[in-house]
Amino acid sequence: MSQNAHAIAEVRVDPCIMPKDDPEWKFALAANPNSEGWIVTIATEAGDCGYGYASSMPHYGAPLDAVRANVEDFGKTMQGTDSRAIAAILHKLDRQVVGNNQPKSAIDCALHDLQARKLGVPLCELFGGAMRTEFESLRILPIKKPADMAANARKLMNKGVRHFKIKVHGEVDLDIARVAAIREECGPDVGLTIDANQSYTPKDAIRAITGMVPFNIALAEQPVAAGDLRGLKLVTDSVPVVVEADEAADSLDQVFALVQGRVVDAVSLKITKLGGLRNTVAAARICEAGGIRYRIGAHVGSRLLAANAVHMAATLPGIWYTCELTEFDRLLDDPFEGLEVENGKVRLPTAPGAGVTPRAGKLAGR
Ligand SMILES: [Mg+2]
């Protein structure tokens, strides 16, 4: 097998610890001054490489060291396998370990990046080609006092950003004040959404979202606990705002359950939590079949991960609202380059693969 130039010779894992430009950045589930993950490099016998980003997401059950250990285990399984057999490899990993979508996502992305680079095509061409090439930036406003969040929004507006997601914290009156302050600062034409990251009870969520209606929010993300599907449906059925699942939609079968039960109006798709590009496309198709909206949620980490998300956003026909593709713009020391936000927009990279490249000296041994 090692005579096969396409055979996987090495799966390497490099740390990717990116300081946040705002060390006080926090949301309802965590406050960490760094964004932490791993860069996974898959190299073939011929010396071709593909890259994927493995997110550490403790709030999805994926702490940093566990993700690394999983990738290393999967690397041993993949050693010597033909790198073009992506479906077969991912099927094997799914049989080896249930769940563990974050490490699987990195491997899925690295295999697709490798394949697209070898074919000399942008990643999106492996998934049907680009339907759009330019994407407006939507930036997340971390939890702070209302006036400080409004000031943050102003700073980003001055850089061309016209869409914001307001992180809220299960404090009904204060959260409504946060939304009010930001709407007052931004004016009527800026798009606003909220994300409670599970921090409300269902009835508090109904009270909060109803109170935010006068300030025109486009959607309310994950208002209640991820496992409380009845509570989530109660909120969906009770407010005149699109309710979107995020943490409740952390696997293909969960997406199916949400769609089948019409538990939400919309689903936030993330390559990381769904286990890769193939599963993200499948989740989008499930949503389309069931008449549920979807878009690409936040991909926080290296430009490598954001580039994967941009390629997905380019190929999916049903995306109904601005995606969250530009959080890399607030992270420092990115080991990858080739994706930038200009005047509040990011463009689909055109280079082969994901279209971003490792910066010199940032990955061990290269
Ligand atoms: Mg969310």
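Residues numbered from 1 in each chain as written. Predicted model: local features only at pLDDT ≥ 70, side-chain atom pairs only at ≥ 80, totals over all residues.

1. Things to note about the sheet that holds strand β4 (residues 134-136)
What holds strands together in a sheet is hydrogen bonding between their backbones, with the strands either parallel or antiparallel.
At step 1: The strand order across the open sheet formed by three strands is β4-β14-β13, and the pairing between neighbours is antiparallel. Two strands lie at the open edges of the sheet, namely β4 and β13 (341-342), each paired on one side alone.
At step 2: As paired elements, β13 and strand β14 (residues 345-347) share two bridges and run antiparallel to each other. When the sheet's bridge partners are listed, Glu 342 is paired in β14 with Lys 345. (Pairing = 2+ DSSP bridges. Helix = DSSP H or I, 4+ residues; strand = E, 2+ residues; numbered from the N terminus.)

2. So, the packing of helix α2 (residues 86-96) against helix α3 (residues 101-119)
At step 1: Closest axis-to-axis distance for the α2/α3 pair is 11 Å, and the angle between their directions is 170°. If you check the angle between α2 and α3, you find them roughly antiparallel. Within the contact between the two elements, α2 uses Ile 86, Ile 89, Leu 90 and Leu 93 and α3 uses Lys 104, Ile 107, Asp 108, Leu 111, His 112 and Gln 115.
At step 2: Partitioning the contact of α2 with α3 into residue classes produces six nonpolar, two polar and two charged. (Axes fitted to C-alpha atoms, helices over the stretch in contact; angles between N-to-C directions. Parallel < 35°, antiparallel > 145°, perpendicular 65-115°, else oblique. Contact = placed C-beta atoms within 7 Å. Nonpolar A, V, L, I, M, F, W, Y, C, P; charged D, E, K, R; others polar.)

3. Section: the pairing of strand β7 (residues 191-195)
At step 1: Within β7, four of the five residues are buried, leaving the element largely enclosed by the surrounding structure.
At step 2: Two strands pair when backbone bridges link them, and strand β6 (residues 163-167) and β7 are joined in this way by five bridges, in the parallel orientation. Bridged to Lys 167 within β7 is Asp 195.
At step 3: Handedness of the crossover joining β6 and β7 through helix α5 (residues 172-186) is recorded here as right-handed.
At step 4: Pairing of β7 with strand β8 (residues 219-221), which is carried by two bridges, proceeds in the parallel orientation. (Buried ≥ 20, exposed ≤ 12 C-beta atoms within 10 Å, placed from the backbone. Right-handed = clockwise from strand over helix to strand, strands pointing away.)

4. Thoughts on the domain arrangement of the protein
At step 1: Each domain of the protein was delimited in the assignment, giving domain 1 (8-120) and domain 2 (126-358).
At step 2: For domain 1 and domain 2, the distance between their C-alpha centroids amounts to 22 Å.
At step 3: Facing the 34 residues of domain 1 at the interface are 37 residues of domain 2.
At step 4: When residues of the side of domain 1 that touches domain 2 are traced back to their parent elements, those giving at least two are β1 (8-19), β2 (34-44), β3 (49-55) and α3.
At step 5: If you tally residues by element for the side of domain 1 that touches domain 2, the top one is α3, at eleven residues. (Domains from an automatic or database assignment.)

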